[in-house]
Structures are given as structure tokens and as C-alpha cells.
Amino acid sequence: MMIRLIGATLVALPLASGGALAAERTVRLTVENMTCATCPIVVERSLKAVPGVDDVTVSMAEKSAIATFDDTKATVPALVDATTQAGFPSAQQR
Ligand SMILES: [Cu+2]
């Protein structure tokens, strides 16, 4: 799957209106470029910095990051964008 940087406008799209129920979602990302023990920490921090992200588990061995987030606040493209901006391009795993 090709990875492309996604413009900030997409990420900034208005999400559900105020009354909507928050839904907790979990996504698994494939993360590139993790080469040492510090890399997963940087990836984890980049994801946790996205508003709405509640929990992150990064595995260097599996080249993956699992993030749990409130889908009225965060989006998968926003998560992909966050790790990519930090130097670790990612894509949703299917
Ligand atoms: Cu590293």
C-alpha cells in the first residue's frame, strides 16, 4: 500500500457534532524505520500526542503500533500522519 502524506486539512475536518457518543476504536499500524530501542519510544510519543489517543503499544520486532483512540477526536489518517512526521512512515494494517 502506498503511503502518502496527508494534508492537514483532511485531519482537521470537523468530526462528529457535540452530542455524538464517543466510540473507542483500535487500529494496528505497520511502522517503518524502527532500528533501535529508542525508535518505538518516539513512535509511541508521536501517537500519544494526537488528541483522542488513549493507549499505544509499539513493537519494534513486529514493526507495528497498536493505538486505541476516541474516533470522535482522532482519525486513522491523523495517526498515520503523526508517525510519518516523526520519521516513521506507517500504514493501516489489514
Ligand atoms: Cu532508533
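Since this is a predicted model, take the numbers as computed values, not measurements. (Residues numbered from 1 in each chain as written. Predicted model: local features only at pLDDT ≥ 70, side-chain atom pairs only at ≥ 80, totals over all residues. Heavy atoms only, no water.)

All of the protein donors around the copper ion are Cys36 (SG) and Cys39 (SG); their distances to the metal are 2.1 Å. For cysteine 36, a relative accessible area of 35% translates into the label partly exposed. (Donors = N, O, S within 2.8 Å, 3.2 Å for Na, K, Ca; no water. Buried < 20%, exposed > 50% of the residue type's maximum accessible area, 1.4 Å probe, protein only.)

Bringing the sheet that holds strand E2 (residues 53-59) into the picture now. In spatial order, the strands read E2-E3-E1-E4; together these 4 strands make up an open sheet with antiparallel pairing. Looking along the sheet, the strands with just one partner apiece sit at the ends: E2 and strand E4 (90-92). Strand-to-strand twist in this sheet, taken as the mean axis angle between neighbours without regard to direction, amounts to 25°. Taken together, the 6 bridges between E2 and strand E3 (residues 64-70) define a ladder with antiparallel strand orientation. Across the sheet, residue valine 56 finds its bridge partner in E3, namely alanine 67. (Pairing = 2+ DSSP bridges. Helix = DSSP H or I, 4+ residues; strand = E, 2+ residues; numbered from the N terminus. Axes fitted to C-alpha atoms, helices over the stretch in contact; angles between N-to-C directions.)

This part takes up the environment of leucine 21. Relative to the helices and strands, leucine 21 resides in the loop between helix H1 (8-11) and strand E1 (24-31). C-alpha separation for the pair leucine 21 and aspartate 71, spaced 50 residues apart in sequence, amounts to 9.6 Å.

We now examine the packing of helix H2 (residues 39-48) against helix H3 (residues 76-85). Where H2 meets H3, the closest approach of the two axes is 8 Å, and the angle between their N-to-C directions is 140°. With respect to H3, the axis of H2 lies oblique. Relative to H3, the crossing made by H2 is right-handed. For the pair H2 and H3, the contacting residues are Val43, Ser46 and Leu47 in the first and Leu79, Ala82 and Thr83 in the second. Each residue belonging to the contact of H2 with H3 can be placed in one class, and the counts come to 4 nonpolar, 2 polar and no charged. (Parallel < 35°, antiparallel > 145°, perpendicular 65-115°, else oblique. Left-handed = near helix turned anticlockwise from the far one by under 90°. Contact = heavy atoms within 4.5 Å. Nonpolar A, V, L, I, M, F, W, Y, C, P; charged D, E, K, R; others polar.)

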